[in-house]
Amino acid sequence: MIRIPRVLVGIRAQLLLVSLFLLFIPLIGFRFVMDMQSYLRTGQQQVLVSAAHLLSATLSDRPQLMPRELALQSGEEEERRRLVALFGSSDPETASSLGAAYQPSEEIERILAVVAKNASRIWVVDARSRVRGLSGNLSVADAPSAPTTGIQTVLRHLIRPLMNSFFPAGPASVVADDPALAERAVMSQVDRALNGEPTQLWRYAKDMHTVVLSAAQPIWSGDEIVGAVVVEESAGGNQAITVAALESLLTTSLVVFLVGGLALILFASRLTYRVERLRMDADRAIDAHGRITGAIAGSRSRDEIGALARTLEEVLHRLARYNAYLEQMASRLAHELRTPVAVVRSSLDNLRHADMARSERIYIERADEGVKRLSLLIARMSEAAQLEGILQGSEKEYFDLAAVVSGCVDGYRLVYPSAQFEFSRPSNPIMIKGLPDAIAQLLDKLIQNATDFAAPDTAIVTSVFTESGDALLTVENRGPAISAAVLPTLFTSMVSAREHGGNQHSHLGLGLYIVRLIADFHGGDVSASNLRDNSGVRFEFRIPLG
Amino acid sequence: MLKRIAIVEDDSSIRKNYADALVRGGYEVEAFGLRSDAMNAFRTRLPDLAVIDIGLGSETDGGFTLCRELRAMSATLPIIFLSARDSDIDIVSGLRLGADDYVTKDVSLPHLIARIAALFRRLDALRQPARAEDVLHRGDMTLDINRLAVSWKARDVVLTVTEFWMVHALTKFPGHVKNRDQLMREAELVVDDNTITSHMKRIRKKFLAVDQDFDEIETIYGMGYRWKTN
């Protein structure tokens, strides 16, 4: 399985991924701006076409303005190319540079002056592409101003390809911003007009910023084409509005993205932090043994995470109550059992004094034996229950662990004459802080456990030593291994790893529970493990050196 | 004249069983199930000894209250607490209220009767001069076995019957280690290791109260206790 870093699948990353949908908002805005521009252009185009139409109609009424007799002069073709280049370049200074190709007719220019308006230029050419009339010039004043700031430059660079890529969807295509191509396009426009085909063309002006719209219309005289009208208008105004709108759209989007993204990251971080803190609290609250070691601080915030924290806190409290109930179970049971045991015991004691046959007395003795065992069990149960109270009420002292263990092992040799004990006392004292009585009791329980399980004729090995700032007390015995399933719960109340209960020893699984209580009280740790070759069991009690 | 023993115990089976056993033991017995009944009877006439359960019906500490009231009426009346509870706190509170002994309910009847007899013997002996053969001298300590009284450096140490027997067991053969089982047997206790430990702790405290330098009881870890010989 591939491990994915948590950062990549975390709430922050997920929120950022979801927020990518926000990108659609500027996209929609852009689309809207482009649509608006395209409407404006369509309108402009229609106006221009109708202007061209009107002009051609006006001029077609005056065939005398387009005399055919004007003879071709040498180099005419050359002139024609130059003329067309001028068309294409949209140079405001056109008239002065037209030279021989400019053969204006006063009449035509008068008519044109009437029709001309600001930021537009009208040409009238005769069938031989000689300019018979020219009016107005393509002002670029309304074109978008040149970028003034770095950000604007960046924005323009962003906008330009966007606008271009969206133009094909517009009313007419803009000729690519290559002057040579524009020139060819204009030539073909004039040619096509002279062939009787009205055309419209969008192209870039010479300055490469302004978009120019030109409409060409043939001038008919009867069935004959006598010339063409070309009306040009700069779309600078529209374009400026569009660019400004796109700029403001982009700027706003960027700001919204930055602010929104930052807010989202902050929000997600706060969420993550709270969830993470809750997770760590929950993790800390219960230790490896399933004991409740801490509390989850209930959040006061009223949102779902706050509610979750409160629920967890409540769950933990309930669990703690239940755990406490379970741990007190032994004590309660002992307390509750004592009264009925006392009834049975006192009844048996009384019964002994009654007249009874010898055969019947046997049953009394057996019943008494059972009650005594019950009493012993109760005593053991209450031992565990009381221990905690006794430990809390005692004051810790510094003592030599080695000396206590040494004394204990001497005692065990007397108490368990049939068992063998191995212990070598370390030469240096091992000082720890605690209750020597309690440590002796802990060792009692470990030894008791070891003697119960030790294989015949094997020694129980006890050792005391220090290891990295801790004092260690270990008890090893040869004998059956403990199954791995039981190991983690071995030190829990009422859990016994014993497979079959012996008659002399009643096992409630309280001995190792007591060991754990004492270890916990000393801030130490107790663990059990099987020997490497599974030939026995090793118990280890670890406590920081005093 | 027969000694009169009052039993205050809310469990009727136990009450009757104990009453029967005590009657057989040669005592006159009054048995009560409620604290109020017992107090009414005591106001008219005090018994010679009272065996009191701590939890009486709905009163979880009714026995303690009763003990306090009885002690107020008589300073010498022997009182034994009999309870299903065996926590240290209960034992200490019971003894602090002036009870002479504290036994848990799983004590056997012969043991209970032996304790009662011992308390009566102590009461009687206090009225008579001490007899030399019943007195044990161990260094600074004197044990009067008849009166169950102990003195250390000529000052009385007030011990319960249980504690007296433990001290007696330790001092009978000073220097010998007595393990927990032996101590229990001597004190006729059915208790666990913790109770022995806390009994020894209390005994030490009582001696320390009369002599700050008392250090005669030695703990032999894993084995038991020993009375030091000088």
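Residues numbered from 1 in each chain as written. Chains lettered and ligands numbered in written order. Predicted model: local features only at pLDDT ≥ 70, side-chain atom pairs only at ≥ 80, totals over all residues. Heavy atoms only, no water.

Draft legend 1. Fine view of the overall build of chain B. The helix and strand tally for chain B stands at eight helices and 12 strands. Burial analysis of chain B (230 residues in total) assigns 54% to the buried set. Working note: accessible area of chain B is about 9900 Å², and carbon and sulfur atoms make up 50% of it. (Helix = DSSP H or I, 4+ residues; strand = E, 2+ residues; numbered from the N terminus. Buried < 20%, exposed > 50% of the residue type's maximum accessible area, 1.4 Å probe, protein only. Areas by Shrake-Rupley, 256 points an atom, 1.4 Å probe, with all protein chains shown as cover.)

Draft legend 2. Main features of the overall build of chain A. Within chain A, the regular secondary structure consists of 14 helices and 12 strands. Counting only residues that meet the buried cut, chain A has 40% of its 546 residues in that class. For chain A, the accessible surface area stands at approximately 29200 Å², while carbon and sulfur atoms represent 59% of it.

Draft legend 3. Highlighting the confidence of the model for chain B. With 93% of its residues at a pLDDT of 70 or more, chain B shows a mean pLDDT of 83. Ranking the elements of chain B by mean pLDDT puts helix H7 (residues 180-187) of chain B last, at 70, and strand S1 (residues 4-8) of chain B first, at 94. (pLDDT = per-residue confidence, 0-100.)

Draft legend 4. Highlighting the environment of A:Arg413. Along the chain, A:Arg413 falls in helix H12 (residues 401-415). Residues contacting A:Arg413, with those up to four places away along its chain left out, are A:Phe421, A:Glu422 and A:Phe423. (Contact = heavy atoms within 4.5 Å.)

Draft legend 5. Quick peek at a nonpolar patch on the surface. Taken together, the side chains of A:Val18, A:Phe21, A:Phe24, A:Leu27 and A:Ile28 make up a nonpolar region of the molecular surface, amounting to roughly 560 Å² of accessible area. At three residues, helix H3 (residues 24-60) of chain A tops the list of elements feeding residues into the nonpolar patch. (Patch = residues over 30% accessible without salt bridge, like charges linked within 9 Å, V, L, I, M, F, W, Y side chains within 5 Å. Salt bridge = Lys/Arg side-chain N within 4 Å of Asp/Glu carboxyl O.)

Draft legend 6. The arrangement of the pattern of salt bridges in detail. Going through the model one piece at a time under the given rule, you end up with 30 salt bridges over all chains. For A:Lys372, the salt bridge is made with A:Asp368, and the minimal N-O distance between the two is 3.4 Å. With A:Lys372 and A:Asp368 both in helix H11 (residues 358-392), this residue pair falls four residues apart, about one helical turn. Taking relative accessible area as the criterion, A:Lys372 reaches 42% and is therefore assigned partly exposed. Since its relative accessible area comes to 6%, A:Asp368 is described here as buried. A salt bridge links B:Arg71 to B:Asp100, with the shortest nitrogen-to-oxygen separation between them at 3.2 Å. In this pair, B:Arg71 sits in helix H3 (residues 62-73) while B:Asp100 sits in the loop between helix H4 (88-96) and strand S5 (101-104), placing the two residues 29 residues apart along the sequence. Look at B:Asp100 and you get buried, because its relative accessible area is 17%. Linked through salt bridges whose partners overlap, the residues forming this network are A:Glu467, A:Asp470, A:Glu476, A:Arg538, A:Glu540 and A:Arg542.

Draft legend 7. Quick look at helix H6 (residues 161-172) of chain B. Residue and element names in this part refer to chain B. Between its first and last C-alpha atoms H6 spans 16 Å; for 12 residues at 1.5 Å apiece the expected length is 16 Å, and the two agree. In terms of residue burial, H6 counts as a mostly covered element, since 11 of its 12 residues are buried. Restricting attention to buried positions, one finds in H6 the residues Val161, Thr162, Glu163, Phe164, Trp165, Met166, Val167, His168, Ala169, Leu170 and Thr171. (Expected span 1.5 Å × (residues − 1).)

Draft legend 8. Spotlight on the packing of aromatic side chains. Residue and element names in this part refer to chain B. For the structure on display, the rule yields 16 aromatic pairs over all chains. Taking the centre distance of 5.1 Å and the plane angle of 85° together, the rings of Trp152 and Phe214 count as edge-to-face. Of this pair, Trp152 sits in strand S8 (residues 149-152) while Phe214 sits in the loop between helix H8 (193-210) and strand S11 (217-220), and the two are 62 residues apart along the sequence. Accessibility expressed as a relative area gives 4% for Trp152, which makes it buried. (Phe/Tyr/Trp six-rings, centres within 6.5 Å; stacked < 30°, edge-to-face > 60°.)

Draft legend 9. Region of interest: the packing of H11(A) against helix H13 (residues 436-453) of chain A. Residue and element names in this part refer to chain A. Where H11 contacts H13, the axes come no closer than 12 Å and their chain directions differ by 150°. Considered as vectors, H11 and H13 are oriented roughly antiparallel to each other. In terms of crossing hand, the pair formed by H11 and H13 is left-handed. Note on element contacts: H13 touches H11 through Ala438, Gln441, Lys445 and Gln448, opposite Arg380, Glu383, Leu387 and Leu391. Looking at the contact of H11 with H13 residue by residue, the class counts come to three nonpolar, two polar and three charged. (Axes fitted to C-alpha atoms, helices over the stretch in contact; angles between N-to-C directions. Parallel < 35°, antiparallel > 145°, perpendicular 65-115°, else oblique. Left-handed = near helix turned anticlockwise from the far one by under 90°. Nonpolar A, V, L, I, M, F, W, Y, C, P; charged D, E, K, R; others polar.)

Draft legend 10. Looking closely at the sheet that holds strand S7 (residues 141-144) of chain B. Residues and elements named next belong to chain B. Judged by pairing direction, the sheet is antiparallel, and its four strands sit side by side in the order S6-S7-S8-S9 without closing on themselves. Two strands in the sheet have a free side with no partner beyond their single neighbour: strand S6 (135-138) and strand S9 (155-157). The sheet shows a mean angle of 25° between the axes of neighbouring strands, taken without regard to direction. Against the sheet, H6 makes contact with S6, S7 and S8, and its axis sits at roughly 120° relative to S7, the strand it touches most. (Pairing = 2+ DSSP bridges.)

Draft legend 11. Representation of the environment of A:Phe539 in the model. Position of A:Phe539 relative to the elements: it lies in strand S12 (residues 536-544). Along the backbone, A:Phe539 and A:Ala528 are 11 residues apart, and their C-alpha atoms lie at a distance of 4.5 Å.

Draft legend 12. Fine view of the pairing of strand S2 (residues 28-32) of chain B. As paired strands, S1(B) and S2(B) are joined by five bridges and run parallel to one another. The partner of B:Val8 across the bridge, within S2(B), is B:Phe32.

Draft legend 13. Main features of unusual backbone geometry. All names here are of chain A. Phi is positive for Ser468, close to 40°, though the residue is something other than glycine. For Ser468, the location among the structural elements is in the loop between strand S9 (459-467) and strand S10 (470-478). At Asn534, a position not held by glycine, the phi torsion is positive, near 60°. Structurally, Asn534 can be placed in the loop between strand S11 (525-530) and S12.

Draft legend 14. Summary view of the pairing of S8(B). All names here are of chain B. In this sheet, S8 lies alongside S7 in antiparallel orientation, the contact comprising four bridges. For Leu143, the partnering residue across the bridge sits in S8 and is Val150. Counted along the chain from S7 to the antiparallel partner S8, the turn is four residues long, and its residue Leu148 has a positive phi close to 55°. Where S8 and S9 come together, three bridges link them in antiparallel fashion. The partner of Ser151 across the bridge, within S9, is Asp156. Between S8 and the antiparallel strand that follows it, S9, lie two residues; Lys153 among them carries a positive phi value of about 50°.

Draft legend 15. A look at the sheet that holds S2(B). Residues and elements named next belong to chain B. If you trace the five strands from one edge of the open sheet to the other, you get S2-S1-S3-S4-S5, paired in parallel fashion. In this open sheet, the two strands that pair with only one neighbour each are S2 and S5. Going from strand to strand, the sheet's axes swing by 20° on average, the running direction of each strand aside. Pairing between strand S3 (residues 49-53) and strand S4 (residues 79-83): four bridges, direction parallel. Bridged to Val51 within S4 is Ile80. Packed onto the sheet, helix H2 (residues 35-44) meets S1 and S2 and runs at close to 140° relative to S2.

Draft legend 16. Looking closely at the side chain of B:Thr171. Residues and elements named next belong to chain B. Take Thr171: it is sitting in helix H6. Reaching out from Thr171, the side chain makes a polar contact with the backbone oxygen of Val167 at a distance of 2.7 Å. Setting aside residues no more than four positions away along its own chain, Thr171 makes contact with Leu136, Arg138, Met141, Leu143 and Trp227. (Polar contact = N/O pair within 3.5 Å; in protein donor to acceptor, adjacent residues only side chain to side chain.)

Draft legend 17. Here's a closer look at the environment of A:Leu387. Here A:Leu387 shows up in helix H11. Separated by 51 residues in the primary sequence, A:Leu387 and A:Ala438 place their C-alpha atoms 9.0 Å from one another.

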